[in-house]
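Coordinate inspection notes
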Amino acid sequence: MEVLKVRNLCKKYPSFELKSVSFAIEKGKITGFIGRNGAGKSTTLNSLFHFIHPDAGEITFFGQDIVTDELGIKQKVGFVSNGVSYYTKKKLKTITKVTKSFYQDWDHKAYLRYMELFQLDENKTPSQLSAGMKVKYAIVLALSHNAELLILDEPTSGLDSVSRDELLDIFMDLCDEGKSILFSTHITSDLDKCADNIIYLKNGQVIAEKKMKDFVEEYKVVTYQKEQISSEKEALLIGEKRTKDGLSALVKTSDVTRLGMPVENADLESIMVHFEKEEEL
């Protein structure tokens, strides 16, 4: 079942264009949304909620068009970013009281349960919270109005490795409960740990939308010296870049036998780095 479907989303600026972006988010899955700075991720996410208005395209949440049922949809979707801002000196319980007035299905029992789970004290103020705790509080607010889909924009950026790992565990637990997550991040190692699917945006276009496991298994990494590579082998390489000990590149798994050289498994970061390097050549 698809909880979010985007078709042919377009937005044109003088120096950038989002070009017919299409993808779908599955229920109960974590979908990683990747791409380098300026690829169009924020433009896409902001278009989903009409924070900016796209020039063309269709956006449906739970089968409903965002244009015709925006209020109803926003009752069922939670948006969380690393740049969460609250009144710094107001207690969390005061912020919660204001927030819940906007939602028809606010579940106070769920709110208290998640506050306890995330070890949050509602008598504290945002100024007393770490960056990680602020993100957790934003997630609590989203879950307490029974959000079925969470859209996360760089939620782990700036967090220490332990806090990031705790959040990833929470995200996977939420998916076990049937929640769905669209997770935009530059920290690709986080997606290696938790993502089921991947959407890769490059220059305003989707260049890959696949199961995470399938995407990573399509490629291997080869490390070599320049003199080892014939013109025939060079044609198989993707995104050559320097390493401490020589050069490295991607090779399609299907081409490994033709390459005839030792290779290593690729991860999401190595694929992305070499893909972007290919563009520069």
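Above this text you will find the structure in question.
The model shown is predicted, which means the values in this text are computed figures rather than measured ones.

1. Things to note about the sheet that holds strand E5 (residues 64-65)
Taken together, four strands build an open sheet; the order of strands is E2-E1-E4-E5 and the sheet is antiparallel. The sheet is open, and its two borders are formed by strand E2 (17-26) and E5, each paired with just one other strand. Against the sheet, helix H1 (residues 41-48) contacts strand E1 (2-12), E2 and strand E4 (56-61), and its axis sits at roughly 115 degrees relative to E1.

2. Concerning the packing of aromatic side chains
Two aromatic rings are characterised by how far apart their centres lie and by the angle between their planes. Scanning all chains against the criterion turns up twelve aromatic pairs. Seen from their ring centres, tyrosine 114 and phenylalanine 118 are 5.9 Å apart, and the 40 degrees between their planes marks the pair as tilted. Residue tyrosine 114 shares its accessibility class with phenylalanine 118, and that shared class is buried. With a centroid separation of 5.8 Å and 20 degrees between ring planes, the pair formed by tyrosine 200 and phenylalanine 275 is classed as stacked. Taken together, the residues span a long stretch of sequence, with tyrosine 200 in strand E9 (residues 197-202) and phenylalanine 275 in helix H11 (residues 268-280) at a distance of 75 residues. In this structure phenylalanine 275 comes out as buried when scored by relative accessible area, which is 13%. Grouped by ring-pair contacts, the aromatic residues Phe49, Phe51, Phe61 and Phe79 constitute a single cluster. Above the face of the phenylalanine 62 ring, lysine 76 is positioned so that its terminal group lies 4.2 Å from the ring centre.

3. Things to note about the pairing of E9
For E9, the buried fraction is high: six of the six residues fall into the buried class. Of the two faces of E9, the one carrying Asn197, Ile199 and Leu201 and the one carrying Ile198, Tyr200 and Lys202 are both buried. Pairing of strand E3 (residues 30-34) with E9, which is carried by four bridges, proceeds in the parallel orientation. Paired with phenylalanine 33 across the two strands is isoleucine 199, which belongs to E9. Sheet topology note: the E9/strand E10 (residues 205-211) ladder contains six bridges and is antiparallel. Across the sheet, lysine 202 pairs through a bridge with glutamine 205, a residue of E10. Linking E9 back to E10 in an antiparallel pair, the connection comprises two residues, with asparagine 203 at a positive phi of about 50 degrees.

Cut-offs used in this document
- The residue numbering used here restarts from 1 in each chain and proceeds along that chain's sequence as written.
- Under the rules for a predicted model, residues below a pLDDT of 70 receive no local features and side-chain atom pairs below 80 are neither given nor counted, while totals for whole chains, interfaces and linings still include all residues.
- Excluding hydrogens and water, the side-chain figures rest on all heavy atoms present in the structure.
- At least two DSSP bridges between two strands are needed for those strands to be called paired.
- Helix and strand assignments follow DSSP, with helices taken as H or I runs no shorter than four residues and strands as E runs no shorter than two, numbered in order from the N terminus.
- Two residues form a contact once any of their heavy atoms are found within 4.5 Å.
- Axis geometry follows a simple rule: fit a line to the C-alpha atoms, using only the stretch in contact for helices, then measure angles between N-to-C directions, giving values from 0 to 180 degrees.
- What counts as a ring pair is set by centres within 6.5 Å for rings of Phe, Tyr and Trp (its six-membered ring), and what kind of pair is set by the plane angle: stacked under 30 degrees, edge-to-face over 60, tilted for all other angles.
- Note on exposure labels: buried denotes an accessible area under 20% of the residue type's maximum, exposed denotes more than 50%, and partly exposed covers the range between, all computed with a 1.4 Å probe on protein chains only.
- The criterion is that NZ of a Lys, or CZ of an Arg, lies within 6 Å of the ring centre and within 35 degrees of the ring normal, and then a charge sits over that ring.

The values reported here are purely geometric and, on their own, carry no functional implication.
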